[in-house]
Amino acid sequence: MIRIAKLDRLLTRLQAAIFVPTGTFVPLRFRQFEDSERAKAVTSDRRDWVAVDRDLVWGEPDGYYWFGGTVEIPSALAGKPLFARVLAAFGSVMGRSDPQLLVRVNGRIAQGGDGNHREFPLTAGADAGTQFDMLIEAGTIEDRRQLGFAVELCLHDRLAEETYYDLKVPLDVARLLKDDDARRARLLGHIDAALDCIDFRPGNPERFAASLQAARERINALYAEADAEAMPEIVATGHTHIDVAWLWRVRETRQKMARSIATALSLMEQYPDYRFMYNQGVLLDYLDQDYPELFERLQGKVTGGQFEIEGALWLEPDVVIASGEALVRHIIKGVRYHQETFGVTPKICWLPDTFGYSAALPQLMAQSGLEVFITHKMSWNDTNRMPNEIFFWQGLDGTKVPAYFLTTQKYEYNGINTTYCPDLTPSHVMGAWKRFSQKGLHDELFLVYGHGDGGGGPTRGMLENVRRMERGIPGCPRLKHEPMAPYFERLVERMTAEPAQFPTWVGELYLEYHRGTLTSVAKNKRNNRLAEIALHEIELLGVLARQAGVAYPAESVAMLWKSLLLNQFHDILPGTSIGPVYEDSDRDYAAFFATANDLRAQLAAALAPAGQHLVFNSTSQARDDLLLVPEGVAGILQNGEGKAVQSIVRADGSRAAVVPVSDVPGLGGTSIGLSTTPPQASASTLSVSPRHLDNGILRAVFDESGRLTSLSRLDTGREAITEGGFGNAFTAFQDVPIDFDAWDIDDFFEDKSWPVDDLVSAEVVETGPWRAAIRFEWRYESSRIVQVVSLAAGARQLEFDSFVDWHEHQTLLKVAFPLAIRTDQSRAETQFGHLSRPTHSNTSWDRARFETSMHRWVDLSESGFGVAALNDSKYGYDAKGSVLRLTLIKSPVFPWPEADQGAHRFSYALLVHDGDLQAVHDAAVRFNQPLRLFEGKAAAATEAAPLVKIDTPQIASRRSNRAKTAQLSSCDSGRRREPPVGLRSRSESRTE
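Throughout, a residue's number is its position along its own chain's written sequence, starting from 1. Where totals are concerned, whole chains, interfaces and linings use all residues; where local detail is concerned, this predicted model gives features only for residues with pLDDT of at least 70, and gives and counts side-chain atom pairs only at 80 or more. By convention in this description, side-chain values take in all heavy atoms of the structure and omit both hydrogens and water.

Colleague: Any chance you could break down the sheet that holds strand 33 (residues 692-694) for me, citing the residues and the numbers?
Modeller: For two strands to be treated as a pair, DSSP must find no fewer than two bridges joining them. Secondary structure elements follow DSSP: runs of H or I no shorter than four residues count as helices, runs of E no shorter than two count as strands, and numbering proceeds from the N terminus. In space, the 4 strands of this open sheet follow the order 32-33-34-35, with antiparallel pairing throughout. Each end of this open sheet is capped by a strand with a single partner; those strands are strand 32 (687-689) and strand 35 (708-713). Ignoring strand direction, the axes of neighbouring strands in this sheet form an average angle of 5°. Strand direction decides the pairing type here: strand 32 and strand 33, joined by 3 bridges, are antiparallel. Bridged to Val-688 within strand 33 is Leu-693. Fitted lines through C-alpha atoms give the axes, limited to the stretch in contact for helices. The angle between two N-to-C directions lies from 0 to 180 degrees.

Written as structure tokens, this is what we have:
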């Protein structure tokens, strides 16, 4: 048997002949510029730049360095094909390159550069004396120094390159086949014979070229083997996944996009058969803004069919935490951008990298005209392998959509993990078929290939590999290089025609991994929740104000949505980015809320007459509720009745005032007057001490550690807290995941924990008449937890306003409520409905769901009685038996060592109800969308009459159809239907 090591050695010699160094270097000078100085760098006079030598030390985190020089073609290289090769200390960290380059030749952007793309074409043959000016921007991310930087001219031998891949690709197939596979022996025989044709003796280029041609002719016999015709077919499309932010800031991603697209365009010019797909509208939009030259060339390739625009969403957001309305906007904005910019209507929901998939997605897809869902991330499950890769995914309302899981992995690998960034060797193609579990059902698969996150996408080598596998190699699936959309059109057509042949997965696609993303960087999740609510309020106020003659602020609203959608990217919102990303996000949110507050005030001013104030109710429920009023207000006058305000205390130490208002219509408001003279005080029906709260409906009792020992309904005597149990009990868990700190909560997190029960103080801070409250303060290590626990008159929920000054690392904080309820399931809100999940661990699938997601509420109920936890900014919980725990703080150290350090503000409530989830949902909406007070400035009497009146509690309006039509009508196109405001759901899936 021919030794493969011998063939590898000979091929290494042949590979060295592809790009041959000439010893001609570009004389370079360099200078560092700021990120904002790119235009200045391009036009700069380089005479004052520093000359580059081999001892140059450069590079720093977030640094941008420019190297420029002009090379003259010497007579010895005249007329010869030349590439330029960058010589730098390229490093590869988690799949990305450092440094990353953008290369200009004679003023034109020529290509990106990185550790995978070190060579770029210069000339097919230039006259002696021809000059080429080069300007290279080098961005550095890592905290390490670069030593030296050079650009050398290389001779390019295209015949050597073609021969090398003619032989290398089948050899890579042969090494993966079993020793007793006859195809292996035939392949090795062909390769050995072809290599024997090559004359490696130096000094005679014509002789070498003739021997290469002889080798290519000899190897043709291998590609003529008939075996490939019987193999399955795999469609391959070039791609580069780029995280909008992660271990780098958004501003750096804009450069990654330019470099990657420049490389893709360069390769398209060299390989007309190259097909490349990109999907994130936000980065295409950035490219248009930053590099219009590249964007124009890209548009030409879209028209020519080489560059495919697919993937409907504006970017790849987190789809577990983002609200339902936000997910609709991601689709609408992405589709509209692609239609208006490229004349393309995408049909694919492309989310390869997000951390689990909401059961609301199928109905959103179907009602948006999206035809198929694609990911690979579910292969990252740490416990169970998903049973199928091609199936129908059934969502909350019963809607089914085709779904596809990428199966690409190395052939040698025996685990379940797959990838969407392969370097496309035969091992990946053979591995994609090996990993596919439904071989008897379908024999055509799909994969994308190319380095991501700044690795530059596909390489010359990958494209050469594609061409050889397209020809057919015995033992390897046939490869077909084409765009992504045609493959999925064929797949969807078959699934539609033969639905009974394909299985169905019902409900959420829960990722058994990265469970900590529901909690990490809590401030960002709080900002996200508040921003989603603010946009809902602004859009409703905008439509109400338009009835009063105020122009709808469409441009401002669009900018606010754009900011929010960006910060819902799947490494920003989940809390898995570096600290500078959150510095940028904090600035984005500060600007967002400043604009939002001004807009709300301006719009609301038109809805109440001057001298009056508007009480605004953004929910669809008519409400009697407490209203926050400004400092100095002593009372209000509503419908001729005066009511005195009550001062309240917040957990962060601030104070406010509240007063009850009544009959505030949903999706509208009512006018009231404010008074600085207090009306007659009302009698209080509340009872409070440092150990109890009582409003005649509920009675809460606390122990000496501030824990809740009883929460009972006084009308029935029914107890909500398990006998002997402690509610509102904080526990700190050691949280040191094996792999990804900010991402993961591992199943052993409960192995080591400590109760947080060092009560510093408990004091009554409010006695009524509208609310009674106790302030508790606990100490834990270097941290402090303060809560104002309150009970309002007439309320059926106990509220916990919380301030935490947190200074622990790798510590998970949870709060527990052992409930006197017998149930085997929890129910938690998700987008446009809710999910039921088991509270037991009967199966491995049950055990793997030890940390799950909620939106505004999670509930444990039995017939006629239930307890729900409402929250204003938390997303992670667990429920075991009858113990419900909310996850409050995670505090990881990677990738941001200071994540979750410092102040946290959040609130949650415990609602006692009669087993009716409608009441739970309504209470959670009220808890998150308080009544708001705005000063009226209208010249004449006016009324914020609700635009919509809803006659059933099972429907809630996110915003008016009129507002949606005004802003989004351009998204409508022939076959596409815009998602409606309310999406009807079935059975256990309540919609709004």
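Here the narrative resumes.
Colleague: Please give an account of the packing of helix 15 (residues 554-566) against helix 16 (residues 579-605) that cites residues and values.
Modeller: At a minimum axis separation of 10 Å, helix 15 and helix 16 run at an interaxial angle of 150°. In this view, helix 15 runs roughly antiparallel relative to helix 16, as classed from their interaxial angle. Between helix 15 and helix 16 the crossing geometry is left-handed. In this structure, helix 15 contributes Ser-556, Leu-560, Ser-563, Leu-564 and Leu-566 to the contact, and helix 16 contributes Asp-588, Tyr-589, Phe-592, Thr-595, Ala-596 and Leu-599. Three classes are used, and their members are as follows: Ala, Val, Leu, Ile, Met, Phe, Trp, Tyr, Cys and Pro are nonpolar, Asp, Glu, Lys and Arg are charged, and the others, Gly among them, are polar. Considering only residue class, the contact of helix 15 with helix 16 consists of 7 nonpolar, 3 polar and 1 charged. Working definition: roughly parallel below 35 degrees, roughly antiparallel above 145 degrees, roughly perpendicular at 65 to 115 degrees, and oblique for all remaining angles. Handedness of a crossing follows from how the near helix is turned relative to the far one, being left-handed for an anticlockwise turn of less than a right angle and right-handed for a clockwise one. Whether two residues are in contact is decided by their heavy atoms, any of which lying within 4.5 Å being enough.

Colleague: Pulling in residues and values, what's your account of the nonpolar core?
Modeller: Buried residues of nine kinds, namely Ala, Val, Leu, Ile, Met, Phe, Trp, Tyr and Cys, make up a nonpolar core once their side-chain atoms join them within 4.5 Å. Under the scheme applied here, a residue whose accessible area is under 20% of the maximum for its type counts as buried, over 50% as exposed, and between as partly exposed, the area being computed with a 1.4 Å probe on protein chains only. Among the nonpolar cores identified, the biggest contains 183 residues, and Leu-14, Phe-373, Trp-393, Tyr-404, Phe-446 and Phe-488 are the most heavily contacted of them. Once residues within four sequence positions are removed from consideration, Phe-446 is found in contact with Val-235, Thr-237, Trp-350, Tyr-404, Leu-406, Met-484, Tyr-487 and Phe-488.

Colleague: So, the packing of aromatic side chains: which residues are in play, and what are the values?
Modeller: Classification of ring pairs rests on two measures: the distance between centres of Phe, Tyr or Trp rings, Trp counted by its six-membered ring, which must be within 6.5 Å, and the angle between planes, read as stacked under 30 degrees, edge-to-face over 60 and tilted in between. As enumerated under the stated definition, the model contains 46 aromatic pairs in all. Centroid distance Trp-246 to Trp-248: 5.7 Å. Interplanar angle 70°. Geometry classified as edge-to-face. Across this residue pair, the class does not change: Trp-246 and Trp-248 are buried. Seen in terms of ring centroids, Phe-446 and Tyr-487 are 5.8 Å apart; in terms of plane orientation they differ by 25°. Their pairing is stacked. Of this pair, Phe-446 sits in strand 22 (residues 444-449) while Tyr-487 sits in helix 13 (residues 484-497), and the two are 41 residues apart along the sequence. Note on accessibility: Phe-446 and Tyr-487 belong to one class, buried. Members of the aromatic cluster, each reached through a chain of ring pairs, are Trp-246, Trp-248, Trp-380, Tyr-513, Phe-740, Trp-743 and Phe-894. A positively charged side chain is recorded as over a ring if its NZ (Lys) or CZ (Arg) lies within 6 Å of the ring centre. The angle to the ring normal must also be within 35 degrees. When the ring centre of Trp-433 is taken as reference, the NZ or CZ atom of Lys-439 above it lies at 5.7 Å. A cation over a ring is seen here: Arg-471 above Tyr-223, with NZ or CZ 3.9 Å from the ring centre.

Colleague: Residue-level account of the sheet that holds strand 25 (residues 613-617), with values.
Modeller: Strand order in this open sheet of 5 strands is 28-27-31-25-51, and the pairing throughout is antiparallel. At either end of the open sheet lies a strand with only one pairing partner, and these are strand 28 (641-644) and strand 51 (932-935). Each strand of the sheet is rotated relative to its neighbour by a mean of 35°, with strand direction disregarded. Where strand 25 and strand 51 come together, 4 bridges link them in antiparallel fashion. Across the sheet, the residue bridging to His-613 is Glu-935, located in strand 51. Sheet strands touched by helix 14 (residues 522-547): strand 25, strand 31 (668-675) and strand 51. Its angle to strand 25, the strand with the most contacts, is close to 120°.

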